[in-house]
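The primary structure of each chain is shown beneath.
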2 protein chains.
Amino acid sequence: MPRRPSPPLAPRKTPKQARSSRLVEAILQAAIRVLERDGAAAFTTIRVAERAGVSVGSLYQYFPNKESILFRLQEEEWAATSRLLDGIFNDTRLDAAERLRAAMRAFFRTECDEAPLRRALGDAAPLYRDSPQAHEKRERGLPALAALIDAAAPGLTPRKRAFAAELYITAMTAIGKQVSEADRTPAEVDAWATATADMFLAYLRESKRR
Amino acid sequence: MPRRPSPPLAPRKTPKQARSSRLVEAILQAAIRVLERDGAAAFTTIRVAERAGVSVGSLYQYFPNKESILFRLQEEEWAATSRLLDGIFNDTRLDAAERLRAAMRAFFRTECDEAPLRRALGDAAPLYRDSPQAHEKRERGLPALAALIDAAAPGLTPRKRAFAAELYITAMTAIGKQVSEADRTPAEVDAWATATADMFLAYLRESKRR
DNA sequence: ATAAAATACGAATGATCATTCGCCTTCACA
DNA sequence: TGTGAAGGCGAATGATCATTCGTATTTTAT
C-alpha cells in the first residue's frame, strides 16, 4: 500500500495518573495476548479493549489508531532484541567466533519461543511498515558487531567489514524468521542457528584469505 | 489467524468457452497489476474486476473467493521459480559450484525485478497461507540440488546433504526476500546473491573437512 | 469540600468489503 | 432458426471495523 497518508503513530496523550498508566499497560498486554492467541486478522481495537477490560474510547485516549499499538509492540521487540544481542556481543568470556555463534543461537531461540507473536507482528507489518518512524531504528549495535568481525577475521577492509556486519544481521533475521515459521523442535532450531553461524564464519575465513 | 475454516481455493468452475478463458486470464492479469501498483491492502474483488473490465459476478463464476486468486498467483510464481532453478541446476556447461552461484543470482534478480508483486503477495500471505493446498508443494527440485551438493562437496552423509539442500533453499528465499524489500540497485542485489552463495559454498567446504 | 482537570465509557457513525442472486445475453448445436 | 447451456452483469445484502463524541465518573489541588 504505497501513497497512504501514513497515519500518526505517536501517543495521543501521555498518562498522568497511575490508573491511566495501568490502562496503557493493560492495553499493551492485551494486544500481545490477542496477537498470540488469535493472530493478526483478529487484531481489532474492540477486541483488544475488551481483552484489556477497558472501553474502546479509553484506548483511543492514548493511541491515535490501531497501527500505533502494533508499532509500539514492534519497537519493544526491537529494543529487547538489541539488548539481548548487545549483551552477548560484549561478553568477554567468549572469543569473537563464539560470540557470533552464541548470539545467533540466542536470537533463533527467542524467535522460536515467541513464534506466534512474532509471526502475527510480521503479518500486521504492512499496517505500520511504511510510516516514517519505522525507518529510524535499525542499525543499533552494529559498531559492536563490526569490532567482533574484525576480531574474528582481522585485516578486512572497512568496506568488507561493514558488508559482513549487514550480512550477519540479514542472515540472522531472515533465516531466523523463516525457521521460526515452520514449527520445529528446539533442537532443530538450534541446529539451524548453528548452521547459519557456521555459514557466516566460513564466509569470513574465506574473505580473509582473498 | 489460526482455526479459520480454511476456505476453498479450487476454481469454482472451469472455463468452457473461449471468452471465459479470456476472462479468467484478464482477471489474473488485473490481479497482478493491482498488487503491483496498489499493494495488498487495495486488493479487493471489486477493484480487480473493474481493472479487468469485468463484473464482480463474473469473477465469482471462476474463483470461489478472493484468496483463491492470490493462491493461484502464488502457485504460478512458485512454478516459474522452479523452472528457473531447475534450468540452471541442470546446465552442464557449468561446474557444481558455479551452478549454485548462478541459481542464487538468478533468483535474487527475479525477486528484485518483481519486487512489488512479490512483496504484495507476501503481505497477503496470511489470507491463503493456512489452507491445506498451500502446504503440498514446496520441495520440488530438491533431488537435483542434492546431486549438485554432492558434486560440490563429495562424501557428505545423506543426512548432511539433505540438510545442506534445505539450508541453500532457506537462505536463498529468506535472504532474497529481505534484500528485495529494501530497494537496492541491481549491482547491490548481485553482490548480496554472490555473498549468500559464497557463504553457502564456504560452509559446504568446511562441512566436507569435518 | 469543591472546582477544574483527567479519565473512562460505549452507543452511534460512516466506510469498506466479500459475496450472492435474479435477470439478461451469447454461444453451440441440431 | 430455435433452444438449452454457458457466460455475464451489478445492485443489494449483511457483516465487520476504526474512530468519534457527548456524558458520566474519579482524581488532584486548593
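Residues numbered from 1 in each chain as written. Chains lettered and ligands numbered in written order. Predicted model: local features only at pLDDT ≥ 70, side-chain atom pairs only at ≥ 80, totals over all residues. Heavy atoms only, no water.

Trainee: Looking at this structure, I do not really get the interface of chain A and chain B. What am I missing?
Mentor: A common way to state how big an interface is: give the accessible area lost once the parts meet. The partner chain B presents 33 residues to the 34 residues of chain A that form the contact. Between chain A and chain B, the buried area comes to about 3,000 Å², and carbon and sulfur atoms account for 63% of it. One can count six salt bridges joining chain A with chain B. In this structure, the salt-bridge partner of Arg 184 of chain A is Glu 166 of chain B, at a minimum N-O distance of 3.7 Å. Linking chain A with chain B are six residue pairs in polar contact (both at pLDDT 80 or more), by the criterion used here. Mapped onto the side of chain A that touches chain B, the elements with two or more residues apiece are helix H1 (18-38), helix H6 (115-128), helix H8 (158-181) and helix H9 (186-209) of chain A. (Contact = heavy atoms within 4.5 Å. Buried area = accessible area lost by both parts, 1.4 Å probe. Salt bridge = Lys/Arg side-chain N within 4 Å of Asp/Glu carboxyl O. Polar contact = N/O pair within 3.5 Å; in protein donor to acceptor, adjacent residues only side chain to side chain. Helix = DSSP H or I, 4+ residues; strand = E, 2+ residues; numbered from the N terminus.)

Trainee: Just checking my understanding: could you explain the UniProt feature "DNA-binding region" (unreviewed entry) in chain A for this structure?
Mentor: In the numbering used here, UniProt assigns the "DNA-binding region" (unreviewed entry) feature to residues 44-63 of chain A. With 70% helix and 0% strand, residues 44-63 of chain A has its two end C-alpha atoms placed 13 Å apart. (UniProt positions renumbered as here; feature names shortened; annotations may be inferred.)

Trainee: Mind showing me how you'd approach the UniProt feature "domain: HTH tetR-type" (unreviewed entry) in chain A here?
Mentor: According to UniProt, the positions carrying the feature "domain: HTH tetR-type" (unreviewed entry) are residues 21-81 of chain A. The span residues 21-81 of chain A is 79% helical and 0% strand by assignment, and the distance between its end C-alpha atoms comes to 24 Å.

Trainee: Explain the relation of the copies chain A and chain B here, please?
Mentor: Related by rotation about an axis and a shift along that axis, the two copies of the chain form a pair. For the match of chain A to chain B, the screw axis carries a shift of 0.0 Å, the RMSD comes to 0.0 Å, and the turn is 180°. Expressed as an axis order, the relation between the two copies is that of a two-fold axis. By residue overlap, the copies meet face to face through one surface: 97% of the interface positions of chain A are interface positions in chain B. (Least-squares fit on C-alpha atoms with pLDDT ≥ 70 in both.)

Trainee: I keep staring at helix H7 (residues 142-152) of chain A and nothing clicks. Help me out?
Mentor: Given 3.6 residues per helical turn, the α-helix brings residues three or four places apart onto the same face. Residue and element names in this part refer to chain A. Those residues of H7 not exposed but buried are Leu 142, Leu 145, Leu 148 and Ile 149. Down the axis of H7, the buried set is contained in an arc of 115°. They therefore lie on one face. Turned more than 90 degrees from where H7 packs its buried face, Pro 143 and Ala 151 sit exposed. Contact partners of the buried residues in H7: helix H4 (66-89), helix H5 (96-113), H8 and H9. (Buried < 20%, exposed > 50% of the residue type's maximum accessible area, 1.4 Å probe, protein only. Arc of directions from axis to C-beta.)

Trainee: Explain the protein's contact with DNA strand D here, please?
Mentor: Lining the immediate environment of DNA strand D, one finds 23 residues, of which Tyr 60 and Lys 66 of chain A together with Lys 16, Gly 57 and Ser 58 of chain B sit closest. If you look at DNA strand D and keep only atoms within 4 Å of the protein, 78% of those are sugar or phosphate atoms. Taking Ser 58 of chain B, its side chain carries an N or O atom lying 2.9 Å from a phosphate oxygen of DNA strand D. Counting residues per element, the ones that place at least two in the surface near DNA strand D are helix H3 (56-62) of chain A together with helix H1 (18-38) and helix H3 (56-62) of chain B. If one sorts the elements of the surface near DNA strand D by residue count, H3 of chain B sits on top with four residues. Tallied by class, the residues present in the surface near DNA strand D amount to seven nonpolar, ten polar and six charged. (Near = heavy atom within 4 Å. Nonpolar A, V, L, I, M, F, W, Y, C, P; charged D, E, K, R; others polar.)

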